Amino acid sequence: MKIIVGSRGSKLAVVQTNWLLEELRKANPEVDFELKIIKTKGDKIQHKALDKIGDKGIFTKELEDALLSGEIDMAVHSMKDMPSALPDGLTLSVPPMREDPRDVLLTPHKISAIQELPENAVIGTGSKRRIYQLKNIRKDFEVVGIRGNIDTRIRKMKEQGLDGIILAAAGLKRIGVYESGDYTCLPLDPCQFVSAPAQGILAVEIREDNETVKALMESVSNPVTKAQMTAERQFLISLNGSCHIPIGAYCNVEGEKLTLYGLFGNEDGTILYKGQTEGAMGEEAKMGDRLAKELKEMVEAKIKPGTVYLAGGGCGDKGLITVKAMEKLKTCDALVYDALVNEEFLKWTKPECEKIYVGKRAANHALPQDEINALLIRLGREGKNVVRLKGGDPYVFGRGGEEGEELYDAGVPFEVIPGITSVIGGLAYAGIPITHRDCVSSFQVVTGHLKSEESELDWPVLAKSKGTIVFLMGVKNLEKITGELMKNGMDKNTPAAVVHRASTPYQRVVEGTLETIYGIATEARITAPSLIVVGDVVTKREKLRFFDSKPLFGKNIVVTRSREQSSKMVAQIAELGGNAIEYPTIKIEPIPENVDALAENFGSLDRYSHIIFTSTNGVEIFFDALKASGRDTRALGSIHVTAIGSATAALLAEQGITADFVPKKYVGEELVDGLMPLLTETSRVLIPRSKNARIYVVEELRKVCPVDEYQIYETVREDNTDVDVAEMLKNKEIDYITFTSSTTVQYFVEKIGSENVDDTKNAKCVSIGPVTSDKMKELGLTVDVQAEVYTIAGMIEAILNMEK
Ligand code: SAH
């Protein structure tokens, strides 16, 4: 029998997996265990700060995929990398024997206790849990952030002259540093200086139904470790822990007696509680849960409640939100939102903002109102600033009033940010003014959601009203509404309209009279959400419509450029009334080896006379790496800086650097011509750029002086998209597909699947220029139009011409 065991490729991961393999082989000599290395996202993007990348899971996902697909039978992780929830179908097996659970102070000083460190000692660690506990030992300790694997951290300690770093004993022991005697290693008592939950325990993830592997793991399992893991992990799970919050847990086992020590605080570390609870073998999970709840309550009681903003998101168009609501969205810790809200808004939030959808979508029922109330209160009490975002205005049939009252009763502060209601804004986008001097001097807004036969609406009064009447939530009852109004005396020739999804690319407006509108709307299959408007103002649409008369209105146009690059094109399409569907086919990915190689030069950049940044990506990756190495812009000294493209120059300016030379046009020839006169044979040029770039520039410059090229990123396929363009093409829901390079063509076809290429005939394919057109033809796409000028503006022009 052969069992394939997956592991990350880092030195420590391989050492610990090999240790487990040895244990397994000793206990099961008849089984053939094989190691398989799998690279995870976290391995690929090490030069970015971890908190920028987001939560856990980045070191586990690819291993989990391999496990689910059957490529491997077990995945070995460090427990600290494990998210608290595992994917369906996977579970953690019983753990093998725990390595040393303690944290260690590794220091160049010859001392025998941490208290003996010199005054104002500087200690390196990146973990909040360790920072706060260090400060508890001695207030004068200064803590600096430090990242990387063990070797990197030790190197940084030396380079930066630190007095010590805190590391996990398990890792140090596994790779042999602990015993080496090169440094003083002082272990810290885990009951005092609480370790990370399950520190030193290997997490072995397996398929839930794989009994064979389960049995193999039983053969190397250890009951004490198992009890500790259960207690400590339960503590973490019950706290719903993320890596932004300091959490520690250690379960001490003495015979049958268990003592669980826990540590929990708030995000900025101003509140931190330590607690302990006792129990007997078998009660581990209960203990973990109990201690977690206790500490959580203590922390929450200390936290000042956050403010809940009951905010309106406007009636559809993302520009129809207030500046105040936008500002709160950008800074809030949690966003609770409804179905009618523009999804764009979600992108404005901070990466760590918790986004909670509570509206109705398709077959899913909305969260009941009392649960929404409870949710808002809970989030507020956790000290979070919450935006409760609703379509239109929060008080116009939005139940904002009820939520405000509940918050008041619970003592959670709130504010209201009014929004542009569909009643007024939506009608305006349909070209219907809610009042007009010519015809009406009042308006009424009425719910069309009629609960029963004898609804509470006073039809005789409504029918006599002279002003505009707008019904919300009424399409389902359109026949009854128009019928009642006529029955009660309103003129059957009164103008009426129904406006579907006003101010969005899907806006549709049907017009008629009280008598005809039901038939017309039914014929046109108008559904919710729609406004029903009754009154003479409807006739004003003829001159006042401005939105659904734009040249590209209602056209669905697929943009295949990378997410980062598409914003300008998307904005131009929107300006013309079109609906840009972002379907990025390419993305930029750093090449870690080459970024690291580049970073080796950061200490001696003064060797270079010139540096050339060819793109914003290059600038971003370069400066991220520079910062990660502990340096800043000053490392560039007086190097002559060339930037290609105004966007690149602008990004450099954000770093405080004014480019010395920006070629007018971006073609290699222009760059070479401009730079050549400035170079001599003693010059030396650094080009951090894309792997996919033309060799021309480097070749030409090398004729004069040495050029160091670092290919720090490449263009790869973007697989992450939230729209199913293949399906939309089948349903004839797309009008245009735009291709801005041959790579976008290639990856587009790969993404929709070559078997679906024929469906592109249901749309018109637009090419930016001849090279792209050739690729399109090669892959079986029709070039319906090619831009005359090879730019984005040229493509838009081509689309407008086709619409004429
Ligand atoms: N608070 C919202 C209304 C919520 S009630 C506001 O101020 O606009 C939900 C109803 O609003 C829908 O059934 C529909 O009648 C109307 N509505 C909201 N947005 C709309 C839109 N963009 N187009 C048409 N009707 C809309």
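Note: the structure precedes this text.
The sections below set out a description of the structure shown in this document. From a predicted model like this one, the values you see are computed outputs, not experimental measurements.

### Section: the site of the ligand
- Near the ligand lie 17 residues; those nearest to it are C315, V396, T421, S422 and S530.
- At 2.8 Å from a nitrogen atom of the ligand is found a main-chain nitrogen or oxygen belonging to A502.
- Within the contact set of the ligand, an oxygen atom lies 2.7 Å away from a backbone nitrogen or oxygen of S530.
- Considering the ligand on its own, with 540 Å² of exposed area, one finds that the protein chains cover 92% of that surface.
- Looking at the shell around the ligand residue by residue, the class counts come to 10 nonpolar, five polar and two charged.
- For the shell around the ligand, the domains that each give at least three residues are domain 3 (308-417) and domain 4 (425-549).

### Examining the sheet that holds strand β10 (residues 202-207)
- Strand order across the open sheet formed by five strands is β2-β1-β3-β10-β4, with mixed pairing between neighbours. The sheet terminates laterally at β2 (32-37) and β4 (90-92), the two strands that pair on one side only. Pairwise comparison of adjacent strand axes, ignoring direction, gives a mean angle of 30 degrees for this sheet.
- Here helix α1 (residues 11-27) sits on the sheet in contact with β1 (2-7), β2, β3 (74-78) and β10, set at roughly 170 degrees to β2.

### Section: the packing of helix α22 (residues 616-628) against helix α23 (residues 646-654)
- Between α22 and α23, whose axes approach to 8 Å, the crossing angle comes to 25 degrees. Classed by the angle they form, the pair α22 and α23 counts as roughly parallel. Touching T616, V619, E620 and F623 of α22 are A647, T648, L651 and L652, all from α23.
- For the contact of α22 with α23, the per-class residue count stands at five nonpolar, two polar and one charged.

### Notes on the state of the cysteines
- Under the defined criterion, the tally for this structure stands at zero disulfides.
- Left without a disulfide partner, C191 is nearest to the cysteine sulfur of C251, which lies 9.5 Å away.

### Some words on the packing of helix α10 (residues 223-238) against helix α11 (residues 284-302)
- For the pair α10 and α11, the least separation of the axes is 7 Å and the interaxial angle reads 35 degrees. Note that α10 runs across α11; the crossing there is right-handed. Here α10 contributes A227, T230, A231, Q234, F235 and S238 to the contact with α11, which in turn contributes E284, A285, G288, D289, L291, A292, L295 and K296.
- Class assignment for the residues of the contact of α10 with α11 results in seven nonpolar, four polar and three charged.

Rules used throughout
Within any chain, residue numbers begin from 1 and follow the written order of that chain's sequence. Whole-chain, interface and lining totals are the exception, using all residues; otherwise, since this is a predicted model, local features are given only for residues with pLDDT of at least 70 and side-chain atom pairs are given and counted only at 80 or more. Hydrogens and waters are ignored; side-chain quantities use all the structure's heavy atoms. One heavy atom within 4 Å of a molecule or strand makes the whole residue count as near it. Pairs of N or O atoms are called polar contacts if they sit within 3.5 Å, as long as, within protein, a hydrogen donor faces a hydrogen acceptor (for residues adjacent in sequence, only side-chain-to-side-chain pairs). Throughout, the Shrake-Rupley method with a 1.4 Å probe supplies accessible areas, and for residues the shown protein chains are the sole cover considered. Side-chain classes are defined by residue name, with Ala, Val, Leu, Ile, Met, Phe, Trp, Tyr, Cys and Pro counting as nonpolar, Asp, Glu, Lys and Arg as charged, and the others, Gly among them, as polar. Either an automatic procedure or a domain database provided the assignment from which the domain bounds are taken. When DSSP finds two or more bridges between two strands, those strands count as paired. Counting from the N terminus, the helices are the DSSP runs of H or I reaching at least four residues and the strands are the DSSP runs of E reaching at least two. Angles here are taken between N-to-C directions and fall from 0 to 180 degrees, while the axes themselves are lines fitted to C-alpha atoms, restricted in helices to the stretch in contact. It only takes one pair of heavy atoms within 4.5 Å for two residues to be counted as in contact. For classification, angles of less than 35 degrees are called roughly parallel, those exceeding 145 degrees roughly antiparallel, those between 65 and 115 degrees roughly perpendicular, and all remaining angles oblique. The rule for a disulfide is simple: a pair of cysteine sulfur atoms within 2.5 Å. Throughout, a crossing is termed right-handed when the near helix is turned clockwise from the far one, and left-handed when it is turned anticlockwise from it by less than a right angle.

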